[in-house]
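One letter stands for each residue in the lines below.
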Amino acid sequence: MEEPLIERMREYGETIFAEMTRLAVETESVNLGQGFPDTDGPRSLLEGATRNIMAGVNQYPPGPGRPELRQAVSRYRSRHYGLDFDPDSEVYVTVGATAGIAASMLALVERGDEVVVFEPMYDSYAAMISLAGGVRRPVALRRDPSSGRFTFDPAELRAAITPRTRLIMVNTPHNPTGTVFTGAELAEIARVCREHDLIAVTDEVYEFLTFDGRPHVPLASLPGMRERTLSISSVGKMFAVTAWKTGWVTGPEPLVRAVRTVNQFLTFSANGALQLAIADAMDDEWEWIQRQRRALQDKRDRLAEGLTATGFDVNVCEGTYFLMADIRPLGYLDGEEVARALPREAGVAAVPAKVFYDHQEEGRHLLRFAFCKKDEVLDEAVRRLTTWHKREN
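Residues numbered from 1 in each chain as written. Predicted model: local features only at pLDDT ≥ 70, side-chain atom pairs only at ≥ 80, totals over all residues. Heavy atoms only, no water.

Visitor: How should the UniProt feature "domain: Aminotransferase class I/classII large" (unreviewed entry) in the chain be read in this particular structure?
Guide: Summarizing the sequence annotation, UniProt attributes the feature "domain: Aminotransferase class I/classII large" (unreviewed entry) to residues 29-385 in the numbering used throughout. Within the segment residues 29-385, helix and strand shares are 40% and 17% respectively, and the terminal C-alpha atoms sit 11 Å apart. (UniProt positions renumbered as here; feature names shortened; annotations may be inferred. Helix = DSSP H or I, 4+ residues; strand = E, 2+ residues; numbered from the N terminus.)

Visitor: It is not clear to me how the nonpolar core should be interpreted in this structure. Could you clarify?
Guide: Inside soluble globular proteins, nonpolar side chains tend to come together where they are buried. In terms of nonpolar packing, the biggest core is built from 94 residues, with F118, I168, I189, F312 and F369 touching the most fellow members. Sorting elements by how many residues they give to this core places helix α4 (residues 96-108) first, with 6 residues. The residues that make up this core include at least three from each of domain 1 (7-41 + 287-390) and domain 2 (43-284). The contacts of I168, once residues within four sequence positions are left out, are V116, F118, L157, I161, I189, V192, C193, L198, I199, A200 and V201. In this structure, L69, F85, V93 and V241 belong to the second largest nonpolar core, which totals 30 residues. (Core = buried A, V, L, I, M, F, W, Y, C linked by side-chain atoms within 4.5 Å. Buried < 20%, exposed > 50% of the residue type's maximum accessible area, 1.4 Å probe, protein only. Domains from an automatic or database assignment. Contact = heavy atoms within 4.5 Å.)

Visitor: Explain the packing of helix α2 (residues 43-54) against helix α10 (residues 272-284) to me, please; I cannot follow it from the model alone.
Guide: Packed helices, taken two at a time, are described by their axes: the angle between them and the distance between them. Running from N to C, α2 and α10 cross one another at 145 degrees; their axes reach a closest spacing of 8 Å. Read as a crossing pair, α2 and α10 show a hand that is right-handed. Packed against α2, whose contacting residues are L45, G48, A49, N52 and I53, the element α10 presents A273, L274, L276, A277, I278 and A281 at the interface. Residues of the contact of α2 with α10, tallied by class, amount to 9 nonpolar, 2 polar and no charged. (Axes fitted to C-alpha atoms, helices over the stretch in contact; angles between N-to-C directions. Left-handed = near helix turned anticlockwise from the far one by under 90°. Nonpolar A, V, L, I, M, F, W, Y, C, P; charged D, E, K, R; others polar.)

Visitor: Would you mind going over α10 with me for this structure?
Guide: Working note: α-helix, 3.6 residues per turn, so residues spaced by three or four point in the same direction. Between its first and last C-alpha atoms α10 spans 19 Å; for 13 residues at 1.5 Å apiece the expected length is 18 Å, and the two agree. Of all 13 residues making up α10, 10 are buried, and the element is well covered by its neighbours. What α10 keeps buried is the set G272, A273, L274, Q275, L276, A277, I278, A279, A281 and M282. Where the residues of α10 are buried, they touch α2, α3 (67-81), β2 (91-94), α8 (235-238), β10 (247-250) and α11 (286-310). Measuring from the backbone nitrogen of A273 back to the side-chain oxygen at the start of α10 gives 3.0 Å, which picks out N271 as the cap. (Expected span 1.5 Å × (residues − 1). Polar contact = N/O pair within 3.5 Å; in protein donor to acceptor, adjacent residues only side chain to side chain.)

Visitor: Please explain the packing of aromatic side chains as it appears in this structure.
Guide: Centre distance and the angle of the planes are the two values used to describe a pair of aromatic rings. Under the defined criterion, the tally for this structure stands at 16 aromatic pairs. Centre to centre, the rings of F208 and W286 are 5.1 Å apart; their planes meet at 65 degrees, and the pair counts as edge-to-face. Of this pair, F208 sits in the loop between β8 (199-203) and β9 (229-234) while W286 is found in helix α11, placing the two residues 78 residues apart along the sequence. Judged by centre distance (6.1 Å) and plane angle (75 degrees), the rings of Y321 and F322 are edge-to-face. There is no split in this pair, since Y321 and F322 are both buried. Ring-pair connections join several aromatic residues into one group, and the members of that group are Y76, F208, W248 and W286. Positioned above the aromatic ring of F322, the side-chain terminus of R368 is 3.6 Å from the ring centre. (Phe/Tyr/Trp six-rings, centres within 6.5 Å; stacked < 30°, edge-to-face > 60°. Lys NZ or Arg CZ within 6 Å of the ring centre and 35° of its normal.)

Visitor: Looking at this structure, how should I read the environment of G183?
Guide: Within the secondary structure, G183 sits in helix α7 (residues 183-196). For G183, a relative accessible area of 46% translates into the label partly exposed. A sequence separation of 147 residues divides G183 from L330, and the C-alpha atoms of the two residues are 35 Å apart.

Visitor: Looking at this structure, how should I read the pairing of strand β3 (residues 114-119)?
Guide: A regular strand carries its side chains on alternate faces of the sheet. Taken across its 6 residues, β3 has 6 buried, putting it largely inside the fold. Burial of β3 is two-sided: the residues E114, V116 and F118 facing one way and the residues V115, V117 and E119 facing the other way are all buried. One ladder, built from 6 bridges, connects β3 with strand β4 (residues 135-140); its direction is parallel. Directly across from V117, in β4, lies its bridge partner P138. (Pairing = 2+ DSSP bridges.)

Visitor: Can you help me understand the pairing of strand β12 (residues 322-326) in this one?
Guide: In terms of burial, β12 is a largely internal element, 5 of the 5 residues being buried. Side-chain alternation along β12 places F322, M324 and D326 on one buried face and L323 and A325 on a second face that is also buried. Pairing between strand β11 (residues 313-314) and β12: 2 bridges, direction antiparallel. For D313, the partnering residue across the bridge sits in β12 and is D326. In terms of strand pairing, β12 meets strand β15 (residues 366-370) through 5 bridges, oriented antiparallel. Bridging from a neighbouring strand, F322 pairs with A370 of β15.

Visitor: I'm lost on the domain arrangement of the chain in this one. Help?
Guide: Accessible area lost upon the coming together of the parts serves often as the stated size of an interface. Taken domain by domain, the chain comprises domain 1 (7-41 + 287-390) and domain 2 (43-284). Computed over C-alpha atoms only, the centres of domain 1 and domain 2 are separated by 24 Å. Listed as interface residues are 38 residues of domain 1 and, on the opposing side, 45 residues of domain 2. Linking domain 1 with domain 2 are 6 salt bridges. Here R300 and D212 are joined by a salt bridge, their closest N and O atoms 2.7 Å apart. (Salt bridge = Lys/Arg side-chain N within 4 Å of Asp/Glu carboxyl O.)

Visitor: Looking at this structure, how should I read the sheet that holds β3?
Guide: Strands in a sheet are paired, the pairing made by backbone hydrogen bonds, and the direction either parallel or antiparallel. The strand order across the open sheet built from 7 strands is β2-β10-β9-β8-β7-β3-β4, with neighbouring strands paired in mixed fashion. The strands lining the two open edges of the sheet, one partner per strand, are β2 and β4. The average undirected angle you get between the axes of adjacent strands in this sheet is 20 degrees. Here β9 pairs with β10 via 4 bridges, running antiparallel. Residue pairing across strands places S233 opposite W248, the latter belonging to β10. Against the sheet, α3 makes contact with β2, β9 and β10, and its axis sits at roughly 120 degrees relative to β2, the strand it touches most.

Right, here's the structure in full:
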C-alpha cells in the first residue's frame, strides 16, 4: 500500500517531546526535555475537580464551554489587562491551547495563504499551518549579544509580508527561547498587522510565568489590535496541571465564531467538571500563581547556574519553563546529536532546539532544558551533566 498519510503531513512523525521522553524512560534519565512540572497545582483546584466529578458533572458541557469558566476568563482578562470580552460570544473553551491553535489555523487559513511565524516555534504551529494548506514565512529570533535575550529584526519581519500573508502567529512569553516581547517589539508587530490588514493569533499560555518583574502585555491590548487578534491561553501552565488540557480563545465575535465553527467538529467540548474547578481557582488562587512564579524564577536561576558551571553558554530567560543553552563552548556543534546521546551517556534528557526551526542551522548549536522540576531533580541533572562533561574531556 502507498503511504496513506496525506502529503502535506508526511514531514511530521513522532514529536521530539515524545521521543525524548521515551528515551528518558528507557535510560532512567532525568527528563528535562518535556515541559511539565513534577508537582501539582493548588489543592483547592484538585479538590474542586474531584467534588464536581463525584457530584455527577460527567456529561457533555455546552460546546462553547461552561458559562462559569467563560465568565471567569472574561473577568481575569479584564482585571489583568483591561480587555473586556463578552463571555457569551467572545470567549470559547477548547481542549487545551493546542486545540485552540489547531481550530484557529483551520478556520482562518485558506490553501496557499501565508502565515508569518517567529522561529524557533512550538512544533504544533508548523504542523497545523501545513494541515490547513498554508505556507509558513518564518522570521528568526536571534540572540542579542548585548542583552543575551532573543529578539527579531523589524526589517526581516516586514520583508516576510507578501500579498498572500493572512496572519501572524505570536507566542509570548516565547517557547523555547524564554523571550518576553517588549512593548516596542509588540508595537512593531501591531504596526505591521494594521498596515497590511492582518489577523494576529497569539499563544499566551505562559502569560503568568514571567520573571524579574517583567509584565506580560497581550498584543490585543495595543491600539487597533483587539478587533484583529485571537488570544489563546490555558490552565495547564497557569495552575501546573498540564494533563487537564483545558484552554480558551478570546477575541472579537467574528474570529471566535470562526474558531467555534471548526472546533465543534474536532473536539466539540472540554471536560465540564474541570472547567468548573478552573473557574473557581481563577477567582480564588491568584496568590498561588504568584508563588509559582517566584518558585520558577528560583528554579531558572538554579539550573542556569549549574549549566553555566558545567560549561554551557546559557541564554537569558525572561519567562516560560525553559532555558536555551549553547553547546559550542563544550566542543560540540550539533544539538540533535548531543540530545540523542545525553540520555545514554549522561542520564539526562533535553530537546534539540533545531527541531523548532524551518532554517535549522539557526538553532543547530542549542539545547532546550526545562526547569519546572523539583530542586533535587535539577541538582541531580547538573551533577550528571558535570560528570559527563568531565568524562568526555
